[in-house]
Amino acid sequence: MGETHIARRRRLAALAADRGLAAALVTRLVNVRYLTGLDSSRAALLVPADGPAVLATDGRYAGMAAEVCPELPVVVDRQVAWALVRKAADDGRRRLGFEAHDITVEQHTALREEAAKLDAPVELAPLGRLVEELRMVKDEEEIGLLREACAVTDRAFEAVLPEIRAGVTERAVAIALERAMVDLGAEGPAFESIIASGPNGAVPHHHPGGRELQPGDLVTMDFGARYGGYHADMTRTVAIGEPAAWQRDLYDLVHRAQRAGIAAAAPGADTKDVDAAARAVIAGAGHGEAFSHGLGHGVGLEIHEAPLMGYDQTGKLLDRVPITAEPGVYLAGRGGVRIEDTLVVRADGPELLTTTTKDLLVL
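Residues numbered from 1 in each chain as written. Predicted model: local features only at pLDDT ≥ 70, side-chain atom pairs only at ≥ 80, totals over all residues. Heavy atoms only, no water.

Under the annotation held in an unreviewed UniProt entry, the protein chain carries the name Xaa-Pro aminopeptidase and is attributed to Actinomadura meyerae.

Next comes the structure, spelled out in structure tokens:
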């Protein structure tokens with residue numbers, strides 16, 4: 001992906017120049033990875049508006065950096081951000097944009113004080129979330145990695161279905177799913193799996209525990225695989241034994257809401273309108289207050305990325321933006337239903353990446 005990373009850095013350089021910056025100082029590790037391919041625990045990247053980028057990392061990753069991004073000069077230093085501020089000063093770059101959402105107040109104060117002592121002082125100015133904005137629209141190579149992460153997720157669910165039965169604990173189901181994803185090729189789970197059975201299903205982010213699945217339970221399972229650094233996200237709700245009428249009605253309601261949200265997910269759509277399309281279905285059935293979160297979020301190198309889709313969110317969907325659609329209804333003391341897919345917004349209609357059936361499975 002060398003040429004891909006070079007093109008990404010060029011786009012960032014142009015954005016930095018438009019803001020009157022001599023260079024962008026990138027310190028968020030996930031953003032460094034996006035721009036270089038290097039996955040490490042200590043790295044930073046200097047992207048000048050009018051020159052070649054420079055990577056800084058410590059000795060543990062110097063060899064890896066040379067292998068992953070051989071086109072980049074590497075500064076080996078544990079103080080990666082400061083090393084690049086000094087490099088910028090040496091090159092005559094006086095105004096640097098920094099990631100204010102990543103650097104702490106303490107780190108910023110130290111950098112600013114040290115920069116002021118240089119023979120030619122360097123000014124630090126907020127860069128904003130420019131790299132995150134670039135990351136929102138995915139190229140087809142990224143979508144391919146995400147597609148495979150979702151395929152592993154689908155296959156893991158199919159493999160574990162025979163183990164989901166009365167008497168098995170929530171935690172056991174979570175472990176089985178995460179083991180299956182790794183066995184099927186995932187680097188690991190994309191996030192801590194959520195298994196919520198019976199009344200626990202009323203808690204959207206329930207942590208799986210020792211409760212045993214029981215006949216009459218609805219069980220919500222929210223999980224995903226990580227593949228090539230990209231994160232899948234899928235939720236399915238199943239029934240243990242024949243569901244009651246209210247459970248089928250609730251499931252059908254959430255399923256209809258999800259279909260409405262997915263149908264609204266098109267390039268140019270306001271994110272709040274996509275959320276509203278699903279929310280209106282649930283509110284129309286009298287459960288508006290029981291849908292307590294946004295419809296979905298972007299996915300990629302992180303499990304939660306821009307854009308966010310909620311009643312209080314702003315922004316528009318664009319072509320080739322992967323998102324989730326995950327409406328839910330949560331009834332305290334009774335249980336809940338959530339159905340979620342990962343999909344890609346496309347000009348010719350959404351591309352579903354998670355393909356497991358959304359018919360209510362009775363186990």
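## Considering the domain arrangement of the protein chain
Taken domain by domain, the protein chain consists of domain 1 (1-135) and domain 2 (137-352). Here the C-alpha centre of domain 2 lies 35 Å away from the C-alpha centre of domain 1. Across the contact, ten residues belong to domain 1 and eleven residues belong to domain 2. Summing both sides of the interface, domain 1 and domain 2 together bury roughly 830 Å²; the carbon and sulfur share of this comes to 40%. Across the contact surface, domain 1 and domain 2 share five salt bridges. Of the charged contacts, one joins Arg135 and Glu302 as a salt bridge, the two residues approaching to 2.9 Å between their closest N and O atoms. The interface formed by domain 1 and domain 2 includes six residue pairs in polar contact (both at pLDDT 80 or more). (Domains from an automatic or database assignment. Contact = heavy atoms within 4.5 Å. Buried area = accessible area lost by both parts, 1.4 Å probe. Salt bridge = Lys/Arg side-chain N within 4 Å of Asp/Glu carboxyl O. Polar contact = N/O pair within 3.5 Å; in protein donor to acceptor, adjacent residues only side chain to side chain.)

## Let's talk about the sheet that holds strand β8 (residues 194-197)
Across the sheet, three strands lie side by side as β8-β9-β12; this open sheet has antiparallel pairing. Unpaired on one side and paired on the other, β8 and β12 (234-239) mark the two borders of the sheet. Strand-to-strand, the axes of this sheet are offset by a mean angle of 10 degrees, without reference to chain direction. Pairing geometry for strand β9 (residues 218-223) and β12, over six bridges, is antiparallel. (Pairing = 2+ DSSP bridges. Helix = DSSP H or I, 4+ residues; strand = E, 2+ residues; numbered from the N terminus. Axes fitted to C-alpha atoms, helices over the stretch in contact; angles between N-to-C directions.)

## Notes on the sheet that holds strand β7 (residues 188-189)
The strand order across the open sheet built from three strands is β7-β10-β11, with neighbouring strands paired in antiparallel fashion. Taken across any chain shown, the strands that pair with only one partner, and hence form the sheet edges, are β7 and β11 (230-231). Taken together, the two bridges between β7 and strand β10 (residues 225-227) define a ladder with antiparallel strand orientation. Bridge pairing in β10 links Gly188 to Arg226.

## Considering the UniProt feature "domain: Peptidase M24" (unreviewed entry) in the protein chain
Using the residue numbers shown here, the UniProt feature "domain: Peptidase M24" (unreviewed entry) corresponds to residues 145-346. The annotated region residues 145-346 carries 32% helix and 24% strand content, and the separation between its end C-alpha atoms amounts to 17 Å. (UniProt positions renumbered as here; feature names shortened; annotations may be inferred.)

## Regarding the environment of Gly333
Assignment of secondary structure puts Gly333 in the loop between β16 (328-331) and β17 (335-338). Sequence separation between Gly333 and Gly198 is 135 residues, and the spatial gap between their C-alpha atoms is 8.5 Å. Discounting chain neighbours no more than four positions away, the residues touching Gly333 are Pro199 and Ala202.

## As for the packing of helix α9 (residues 245-264) against helix α10 (residues 271-284)
Where α9 meets α10, the closest approach of the two axes is 7 Å, and the angle between their N-to-C directions is 160 degrees. Between α9 and α10, the angle is such that the two are roughly antiparallel. Considering the relative orientation of α9 and α10, their crossing is right-handed. On α10, the residues touching Leu253, Arg256, Ala257, Ala260, Gly261 and Ala264 of α9 are Val274, Ala277, Ala278, Val281 and Ile282. Class assignment of the residues belonging to the contact of α9 with α10 gives a composition of nine nonpolar, one polar and one charged. (Parallel < 35°, antiparallel > 145°, perpendicular 65-115°, else oblique. Left-handed = near helix turned anticlockwise from the far one by under 90°. Nonpolar A, V, L, I, M, F, W, Y, C, P; charged D, E, K, R; others polar.)

## Here's the deal with the pairing of β16
Both faces of β16 are covered, namely the face carrying Gly328 and Tyr330 and the face carrying Val329 and Leu331. Counting the residues that bridge the hairpin from β16 to β17 gives three residues, and of these Gly333 lies at a positive phi of roughly 80 degrees. (Buried < 20%, exposed > 50% of the residue type's maximum accessible area, 1.4 Å probe, protein only.)

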